[in-house]
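Listed here are the chains, written in short residue letters.
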Amino acid sequence: MLKRFTISLDEKLLETFDAVIKQQKYENRSEAIRDLIRSSFVEEEWQADKDVIGVISMVYDHHQPNLQEKVTEIQHDYHHQIVSATHIHMDHHNCLEVVIVKGKAGSVNELADRLRSQRGVRNCKLAMSTTGRDLH
Ligand code: NI
């Protein structure tokens, strides 16, 4: 059931908000505010080390000695947290690996940190999402 409530905002802040959500292609304020509230819940889940879901995407040079083995070894250390992994050979040097992860926020963060800090890993991002259990 939808409930309505009123928000009081400083005029300048509201103008900025409207400009930003227009740029982000929101059709109305309500959906933009709903998304903001949801993303603050997602953040809270990650902060509180709750069960979360996320995507690690990393780009690395497979010519870097031992890196491929190291990436595999690290992922095996966290096999409970890994749902799936996809490897794409982007060009002669670079590989893209996309890993879907699930589990306690702390362990998922730790996995991303370990991958990111390897020499030859050019870029490693963790997109944090939520299991959706507490999200409506
Ligand atoms: Ni590759």
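Okay, so let's go over this structure. Residue indices follow the written sequence of each chain, beginning from 1 at its first position. At least 70 in pLDDT is required for a residue's local features to be given in this predicted model, at least 80 for side-chain atom pairs to be given and counted, and no such filter applies to totals for whole chains, interfaces and linings, which use all residues. For side-chain calculations, the full set of non-hydrogen atoms in the structure is used, while hydrogens and water are omitted.

1. Some points on the pairing of strand S2 (residues 82-89)
For step 1, the next point in the chain: Criterion used throughout: strands pair if DSSP finds at least two bridges between them. In DSSP terms, a helix is any run of H or I states spanning at least four residues, a strand is any run of E spanning at least two, and both are numbered starting from the N terminus. Relative to strand S3 (residues 94-104), S2 runs antiparallel, the two sharing seven bridges. Across the sheet, the residue bridging to His89 is Cys95, located in S3.
For step 2, the next point in the chain: A loop of four residues connects S2 with S3, the two strands running antiparallel in sequence.

2. Remarks on the sheet that holds strand S4 (residues 121-130)
For step 1, the next point in the chain: In space, the four strands of this open sheet follow the order S2-S3-S1-S4, with antiparallel pairing throughout. Where the open sheet ends on each side, the last strands, each with one partner, are S2 and S4. With strand direction ignored, the average angle separating the axes of adjacent strands in the sheet is 15°.
For step 2, the next point in the chain: Any two residues whose heavy atoms approach within 4.5 Å are treated as being in contact. Axis geometry follows a simple rule: fit a line to the C-alpha atoms, using only the stretch in contact for helices, then measure angles between N-to-C directions, giving values from 0 to 180 degrees. Taken strand by strand, helix H2 (residues 29-47) contacts strand S1 (51-61) and S4, and its axis lies near 110° from that of S4.
For step 3, the next point in the chain: Packing of helix H3 (residues 67-77) onto the sheet brings it into contact with S1, S2, S3 and S4, and relative to S1 it is tilted by some 170°.

3. Regarding the coordination of the nickel ion
For step 1, the next point in the chain: Because no water is among the atoms considered, metal sites can look incomplete, with donors defined as N, O and S atoms within 2.8 Å of the metal, or 3.2 Å for Na, K and Ca. Around the nickel ion, the protein contributes the donor atoms His87 (NE2), His89 (ND1) and Cys95 (SG), at 2.0 to 2.4 Å from the metal centre.
For step 2, the next point in the chain: Ordering the donors of the nickel ion by residue number gives the pattern H-x1-H-x5-C.
For step 3, the next point in the chain: Exposed residues in this analysis have more than 50% of their type's maximum accessible area, buried residues have under 20%, and partly exposed residues fall in between, with area computed by a 1.4 Å probe over protein chains only. Note on His89: relative accessible area 65%, which makes it exposed.

4. Looking at the pattern of salt bridges
For step 1, the next point in the chain: Salt bridge, as used here, is a side-chain nitrogen of Lys or Arg placed within 4 Å of a carboxyl oxygen of Asp or Glu. This model, assessed by the stated rule, comprises 10 salt bridges.
For step 2, the next point in the chain: Here Arg38 ties to Glu31 by a salt bridge, and the two come within 3.8 Å at their closest N and O atoms.
For step 3, the next point in the chain: The class of Glu31 is partly exposed, set by a relative accessible area of 28%.
For step 4, the next point in the chain: Here Arg38 makes a salt bridge to Asp35, at a shortest N to O gap of 2.6 Å. Residue Arg38 and its partner Asp35 are located together in helix H2, separated by three residues, close to a single helical turn.

5. Focus on H3
For step 1, the next point in the chain: Taken residue by residue, H3 has Leu67, Val71, Ile74 and Gln75 as its buried positions. All buried residues of H3 fall inside an arc of 100° around its axis, so they share one side. For H3, the exposed residues set more than 90 degrees away from the buried face come down to Glu69 and His76.
For step 2, the next point in the chain: Elements that come into contact with the buried residues of H3 comprise S1, S2, S3, helix H4 (105-116) and S4. Here the arc refers to the set of directions running from the helix axis out to each C-beta atom.

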